[in-house]
There are 2 protein chains.
Amino acid sequence: MEKTKVAIVGLGTVGSGVASLLLDHGDRTARHAGRTLWLEKAVVRDLSKARDCNLPEGVLTDQLNDVLSDPEIKVVAQLMGGLEPARGVMLQLLEAGKDVVTANKALLAEHGPELFDRARALGRSIAFDAAVAGGIPIITNMSQCLSANQIGSIQGILNGTSNFIVCQMDELGWSYDAAVAEAQRLGYAEADPAMDVDGSDAAQKLAILSHLAFGARIRWNDIPKTGIDTLELTDLNFAKELGYRIKLISHAELGAEGLELSVAPTLIRMGRPLAEVRANYNAINVVGDAVGDLFFHGQGAGQMPTASAVVADMIDTAVGRTPITFRTLELWSERESAVKIRPVDELPGRYYMRFQVVDRPGVMAKITSILGAQQLSISSIIQHEPDQREGGESVQLVIMTHEAPEGAAKAAVDQIMQLPVVSGKSVRMRVME
Amino acid sequence: MEKTKVAIVGLGTVGSGVASLLLDHGDRTARHAGRTLWLEKAVVRDLSKARDCNLPEGVLTDQLNDVLSDPEIKVVAQLMGGLEPARGVMLQLLEAGKDVVTANKALLAEHGPELFDRARALGRSIAFDAAVAGGIPIITNMSQCLSANQIGSIQGILNGTSNFIVCQMDELGWSYDAAVAEAQRLGYAEADPAMDVDGSDAAQKLAILSHLAFGARIRWNDIPKTGIDTLELTDLNFAKELGYRIKLISHAELGAEGLELSVAPTLIRMGRPLAEVRANYNAINVVGDAVGDLFFHGQGAGQMPTASAVVADMIDTAVGRTPITFRTLELWSERESAVKIRPVDELPGRYYMRFQVVDRPGVMAKITSILGAQQLSISSIIQHEPDQREGGESVQLVIMTHEAPEGAAKAAVDQIMQLPVVSGKSVRMRVME
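Everything numeric in this text was worked out from a predicted model, so none of it was measured. Every residue gets a number counted from 1 within its own chain, in the order that chain's sequence is written. By the order in which they are written, chains take letters starting at A while ligands take numbers starting at 1. It should be noted that, the model being predicted, local features are given only for residues of pLDDT at least 70 and side-chain atom pairs only at 80 or more, the latter also being counted only at that level, while totals for whole chains, interfaces and linings use all residues. Excluding hydrogens and water, the side-chain figures rest on all heavy atoms present in the structure.

Undergrad: Just checking my understanding: could you explain the overall build of chain A for this structure?
TA: Comment: elements are numbered from the N terminus, with helices defined as DSSP H or I runs of at least four residues and strands as E runs of at least two. Each helix and strand in chain A was counted, giving 15 helices and 16 strands. The reference for a compact globule is 2.2 Å times residues^0.38; the radius of gyration itself is calculated from the C-alpha atoms. At 24 Å, chain A has a C-alpha radius of gyration in line with the 22 Å of a compact globule built from 433 residues. Each principal axis of the C-alpha atoms in chain A carries an extent, and together these give about 80 × 45 × 35 Å. Per-residue burial for chain A yields a buried fraction of 58% across its 433 residues. Between two residues, a contact is recorded if the distance between any of their heavy atoms is within 4.5 Å. Sequence-distant contacts in chain A: of pairs separated by 6 or more residues, those separated by 24 or more amount to 73%. Only the protein chains shown count as covering a residue, and every accessible area follows the Shrake-Rupley method with a 1.4 Å probe. Surface exposure of chain A reaches about 16700 Å², of which carbon and sulfur atoms provide 48%. Between the averaged position of the 41 positive side-chain charges in chain A and that of its 54 negative side-chain charges there is a distance of 3 Å. Using a 1.4 Å probe on the protein chains alone, a residue whose accessible area is under 20% of its type maximum counts as buried, one over 50% counts as exposed, and one in between counts as partly exposed. The charged-residue count follows a simple rule in which Lys and Arg add positive charge and Asp and Glu add negative charge, with His and chain termini not counted at all. Here the site of a charge means NZ on Lys, CZ on Arg, CG on Asp, or CD on Glu.

Undergrad: Looking at this structure, I do not really get the domain arrangement of chain A. What am I missing?
TA: A common way to report how large an interface is uses the accessible area buried once the components associate. Residue and element names in this part refer to chain A. Each assigned domain of chain A is listed with its residue range as follows: domain 1 (3–134 + 305–328), domain 2 (138–299) and domain 3 (346–432). Segmentation into domains, and thus their bounds, comes from an automatic or database assignment. Put simply, the middle of domain 2 and the middle of domain 3, counted by C-alpha atoms, are 25 Å apart. Here's the idea: put two parts together, see how much 1.4 Å probe accessible area each one loses, and the total over both is what we call buried area. Interface of domain 2 and domain 3: buried area, both sides summed, is about 1700 Å²; carbon and sulfur atoms make up 63% of it. When the area that domain 2 buries against domain 3 is broken down by residue, the three leading residues are Phe 238, Leu 242 and Leu 267, summing to 33%. Any carboxyl oxygen of Asp or Glu that lies within 4 Å of a side-chain nitrogen of Lys or Arg is treated as forming a salt bridge with it. Linking domain 2 with domain 3 are three salt bridges, by the criterion used here.

Undergrad: Looking at this structure, I do not really get the sheet that holds strand S4 (residues 73–78) of chain A. What am I missing?
TA: Sheet strands pair by backbone hydrogen bonding; their relative direction is either parallel or antiparallel. All names here are of chain A. Within the open sheet, the six strands sit side by side as S3-S2-S1-S4-S5-S6. Their pairing is parallel. Bordering the open sheet on either side are strand S3 (60–61) and strand S6 (126–127), each of which pairs with just one other strand. Two strands pair under a simple rule: DSSP has to find at least two bridges between them. Judged from the two bridges that link them, strand S5 (residues 99–102) and S6 form a sheet pairing that is parallel. Paired with Val 101 across the strands is Ala 127, a residue of S6.

Undergrad: So what exactly am I meant to see when it comes to the interface of chain A and chain B here?
TA: With 44 residues of chain A at the interface, the matching set in chain B holds 44 residues. Regarding the contact of chain A and chain B, the summed buried area is about 4100 Å², with carbon and sulfur atoms giving 54% of it. Our count for the chain A to chain B interface comes out at two salt bridges. The salt bridge partner of Arg 28 of chain B is Asp 289 of chain A, with a shortest N-O separation of 2.6 Å. In protein, a polar contact requires one atom able to donate a hydrogen and another able to accept it; more generally it is a pair of N or O atoms within 3.5 Å, and residues adjacent in sequence count only if both atoms are side-chain atoms. Where chain A packs against chain B, one counts 18 residue pairs in polar contact (both at pLDDT 80 or more). Sort the elements by how many residues they give to the side of chain A that touches chain B and helix H12 (residues 303–319) of chain A lands first, with eight residues. Residue composition of the side of chain A that touches chain B, grouped by class: 20 nonpolar, 16 polar and eight charged. Residues are grouped as follows: Ala, Val, Leu, Ile, Met, Phe, Trp, Tyr, Cys and Pro are nonpolar; Asp, Glu, Lys and Arg are charged; all remaining types, including Gly, are polar.

Undergrad: Would you mind going over the packing of helix H6 (residues 138–145) of chain A against helix H10 (residues 200–214) of chain A with me for this structure?
TA: Pairs of packed helices are described in terms of their axes, by the angle between the two and the distance that separates them. Residues and elements named next belong to chain A. Axis definition: a line fitted to C-alpha atoms, limited for helices to the stretch in contact. Angles are taken between N-to-C directions and run from 0 to 180 degrees. Running from N to C, H6 and H10 cross one another at 15°; their axes reach a closest spacing of 9 Å. Judged on the interaxial angle alone, H10 and H6 are roughly parallel. Taken as a pair, H6 and H10 cross one another with a handedness that is left-handed. Two secondary-structure elements touch here, H6 through Ile 138, Ile 139, Met 142 and Ser 143 and H10 through Ile 208, Leu 209, Leu 212 and Ala 213. Among the residues forming the contact of H6 with H10, the class breakdown is seven nonpolar, one polar and no charged. In these notes the angle categories are as follows: under 35 degrees is roughly parallel, over 145 is roughly antiparallel, 65 to 115 is roughly perpendicular, and the rest is oblique. Here is the rule for handedness: rotate from the far helix to the near one, and if that takes an anticlockwise turn smaller than a right angle the crossing is left-handed, while a clockwise turn gives right-handed.

Undergrad: I keep staring at the side chain of Lys 5 of chain A and nothing clicks. Help me out?
TA: All names here are of chain A. For Lys 5, the location among the structural elements is in strand S1 (residues 3–9). Classification of Lys 5 as buried rests on a relative accessible area of 17%. A distance of 2.7 Å separates a polar atom in the side chain of Lys 5 from a polar atom in the side chain of Glu 72. The contact partners of Lys 5, leaving out residues within four places of it in the chain, are Trp 38, Glu 40, Glu 72, Ile 73, Lys 74 and Val 75.

Undergrad: Is there a simple way to think about helix H8 (residues 176–185) of chain B in this case?
TA: The α-helix winds at 3.6 residues per turn, so residues separated by three or four positions along the chain end up facing the same way. All names here are of chain B. Those residues of H8 that fall on the buried side of the exposure criterion are Tyr 176, Ala 179, Val 180, Glu 182 and Ala 183. The arc that holds the buried residues of H8, viewed along the axis, is 160°, so those residues lie on one side. In H8, the exposed residues that point more than 90 degrees away from the buried face are Asp 177 and Arg 185. In this fold, the buried residues of H8 make contact with helix H7 (160–172) and helix H9 (194–197). Of the residues trailing H8, Gly 187 is marked for its positive phi of about 80°. Think of the arc as the fan of directions from the helix axis to the C-beta atoms.

Undergrad: For this particular structure, what's the right way to read the UniProt feature "binding site: NADP(+)" (unreviewed entry) in chain A?
TA: Residues and elements named next belong to chain A. UniProt positions are given in the numbering used here, feature names are shortened, and annotations may be inferred rather than shown by experiment. Mapped onto the present numbering, the UniProt feature "binding site: NADP(+)" (unreviewed entry) falls on Val 9, Gly 10, Leu 11, Gly 12, Thr 13, Val 14, Gly 15 and Ser 16. Among the structural elements, Gly 12 can be located in the loop between S1 and helix H1 (13–24). Classification of Gly 12 as partly exposed rests on a relative accessible area of 41%. Inspection of the secondary structure puts Gly 15 in helix H1.

Undergrad: What is the right way to look at the nonpolar core in this model?
TA: Among the nonpolar cores identified, the biggest contains 174 residues, and Ile 138 of chain A together with Ile 138 and Tyr 352 of chain B are the most heavily contacted of them. Ala 148 and Val 311 of chain A together with Ala 318 and Ile 324 of chain B belong to the second-largest nonpolar core, a separate cluster that totals 63 residues. To define a nonpolar core, start from buried Ala, Val, Leu, Ile, Met, Phe, Trp, Tyr and Cys residues and group those joined through side-chain atoms within 4.5 Å.

Undergrad: What am I meant to see in the relation of the copies chain A and chain B here?
TA: Mapping between the two chain copies consists of a rotation about an axis together with a translation along that axis. Once chain A has been moved 0.0 Å along the axis and rotated by 180°, it coincides with chain B to within an RMSD of 0.0 Å. Such a turn and shift between the copies fits a two-fold axis. Here 100% of the contact residues of chain A are again contact residues in chain B; the copies associate through an equivalent surface. For this overlay, a least-squares fit was computed on C-alpha atoms, restricted to residues scoring pLDDT of at least 70 in both copies.

Undergrad: What should I look at first to understand the side chain of Gln 299 of chain B in this one?
TA: Secondary-structure assignment places Gln 299 of chain B in strand S11 (residues 292–299). Since its relative accessible area comes to 17%, Gln 299 of chain B is described here as buried. For Gln 299 of chain B, the side chain forms a polar contact with the side chain of Tyr 281 of chain B, separated by 3.4 Å. Not counting the four nearest positions on each side in its chain, Gln 299 of chain B is found in contact with Val 291 and Asp 293 of chain A together with Ala 133, Gly 134, Gly 135, Ile 136, Asn 280, Tyr 281 and Pro 305 of chain B.

Undergrad: Sorry if this is basic, but what is going on with unusual backbone geometry here?
TA: Peptide bonds are, in most cases, trans, and in most cases residues other than glycine have a negative phi. Residues and elements named next belong to chain A. Pro 85 follows Glu 84 through a cis peptide bond whose omega is 10°. Along the chain, Pro 85 turns up in the loop between S4 and helix H4 (86–95). Located in the positive-phi region is Ala 279, a residue other than glycine, with phi close to 50°. On the basis of relative accessible area, Ala 279 is assigned to the partly exposed category, the value being 30%.

Undergrad: Explain the sheet that holds strand S2 (residues 35–43) of chain B to me, please; I cannot follow it from the model alone.
TA: Residue and element names in this part refer to chain B. Spatially, the six strands line up as an open sheet ordered S3-S2-S1-S4-S5-S6, and their pairing is parallel. Of all the strands in the sheet, just strand S3 (60–61) and strand S6 (126–127) have a single pairing partner and so form its edges. Alignment of S2 against S3, held across two bridges, turns out to be parallel. In the sheet register, Val 43 faces S3, and the bridge partner there is Thr 61. Sheet strands touched by helix H4 (residues 86–95): strand S1 (2–9), strand S4 (73–78), strand S5 (99–102) and S6. Its angle to S4, the strand with the most contacts, is close to 170°.

Undergrad: Is there a simple way to think about the packing of aromatic side chains in this case?
TA: Here a ring pair, both rings aromatic, is described through the centre-centre distance and the interplanar angle of the planes. Within 6.5 Å between ring centres, the rings of Phe, Tyr and Trp (the latter by its six-membered ring) count as paired, and their orientation is classed by plane angle as stacked under 30 degrees, edge-to-face over 60, tilted in between. With the rule as written, the count across this model stands at eight aromatic pairs over all chains. On the numbers, 5.5 Å between centres and 80° between planes, the contact of Phe 116 of chain B with Phe 128 of chain B is edge-to-face. Residue Phe 116 of chain B is found in helix H5 (residues 105–122), and its partner Phe 128 of chain B is found in the loop between S6 and helix H6 (138–145); the two are separated by 12 residues along the sequence. Each member of the pair Phe 116 of chain B and Phe 128 of chain B is classed as buried. An aromatic cluster of three or more residues is present, and its members are Phe 116, Phe 128 and Phe 326 of chain A. Should the NZ of a Lys or the CZ of an Arg lie within 6 Å of a ring centre and within 35 degrees of the ring normal, that charge is described as sitting over the ring. For the cation-ring pair, Lys 3 of chain B lies above Trp 38 of chain B, with the distance from its terminal atom to the ring centre recorded as 4.4 Å.

The structure is reproduced here in structure tokens:
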């Protein structure tokens, strides 16, 4: 049977999973690729560190050059995290004639155009299905299976850590801090979970998907984003009362006036597939003009789901499918964006708003007249009786609006917050049907 | 830009959709395939019939030979239904050197091994993502994206017509006959819906998926199947009371003792993704040992969703991905099955049983002692007060069991039906968590 020599750079959690699949389950690759993927080298920084996979003699090395200088190694899974030296190593691998597979979304979101242009110029390919939504093969589905469609929108739960935290709060009534601690205990969140909970990780993935779906050339940190790190239990409970759940939704939608992009906690009606995504799962709903709604749900991270995606990419690369896709599909380049990104103030949406108001006659009239002046029409209101244990002075007022521009909703909230009868902080979130 | 000449054989609903995508949206193919798919010929039986797509002069023909004899036509979408002449035309196209794309699941389920062996011998390829679950790209996902996995199980709602009918009954309380009539009115069911509602269509699709996932070589009509055509509203209501919905589930599961296969109305706990699939949607849950649970949901039929899958396959074939997959993946052949199919009597499962019994002391003891003798342990029982309007003589008794072999469950029901206190027909269905 034909043999393709491969290498791994970076033997962390995902790297060890990839090594296990290649070493322990070679029969699968043989059956699905008609050849053996032969793990020739695994490059690590520290040779003395304990590994949870058993590598054959001679595979482990701390010399990247062992890979670069071996012309028989054709495919390399580059599984280092962070931007540098990952970027430099990626370029070295491409220059040395290797086709590269990566799971590093931050690297692609930051340096995608440079790396892809370089690979193209060198006649090499980069596969990256593991970079977005882990085990869900969304990249292959977008770049291959949906080719006959104009994608209209993408709505995704792309950060499993955030979803786990929100579910713990929503289902068990836990505080944000307790939920974060539990996510850390289970290994779902880093010691510093900032990139997950502030929406950065989701924005990087949305930037990659938007590029594939719309040809959008956007920097991930230009995507308006709000994380779950300021989400309160109060709002999860009010949402439930209204028949909704709150999820961290990454949203891209193509309209006549351009592409809308956002990452934010969003109310979704219960029963909709995205509303029912539990624990640390990821999910993506894609709407194409031919295919209609297509929904994917699976493990968005973790050792073996991510390794599953990396090895599938290594097989695709070894048999020649990825090089074809890379050559024929318009992928990332330094060229102009194919679509106009729409300013955030123009985006239309329905809104959930919460204010803390003094329980006094005339307050509702003041607030609703501000909403009216901004052309915001009210779809529902909740105000419970004041809690006497808290002095009975102030109450929570929740308003759901019909569709209106983001700018109008923001202006209304700003004006309402100026009222002397309104105190504390306000909350404003989008609502999806 | 490079140009690949293509043809369509059969210009029915799906064929017209494919023609529209190729003619009206050539820019997409260009962007996703780096080339134009040029529709050279569309072969129909009757030239005089009105079509809902506008073909350029000279494209429409009733001569298959116009395609066979043109060596520049490389890729042909063969969209005729039924077994013959579809099989013969497929063979002619392959002999003439064409790569073929098809949506004809019946043809593949019946003649797959012959057609695939012939294509292989001729160095040609057959793409068939549209044959299972329409717009859901499950074939590409199984044969490419999940290559690193040993698939453990597949559970699918693969017949949209059946799902629509069951939803109408479940959600609106309609009778089976009224729901079928509505499905026909909306174009979801044929005038003769037998193949849909008796489980044949789902069994054909399950045979194809099982081949891809497990290397199973099974004739579709050897898969034990029960359709929804005998489903009663009573059971949908009892299931609801127990916290379950009933869906027509196609199920394949690999165990140490072989592969279990079945198509049958099955109780699924509410809230599980498969339980919440509405209207005429399809859905598939695949479990892989690396990727974990992966769930797909989308339009399983209809003109444009199916055309979306056909055109994606035409692009994959034109750029060269399908020929690689066809060459490297172990696909259908006349060789031995890779797994043992497990006899249906051995399959373990939980069961829902319903009996009509006389409301008299000692009846429950008789029934439960039969269950006990078959080692069937009871997880819950429902018996409502007798309906006095119906004479108050007999009542419905519903029993849910813990896991037990199918054979034991069947034997218990047979023995219970022999009791003089039991009348009418009995119902037995599987329960999935």
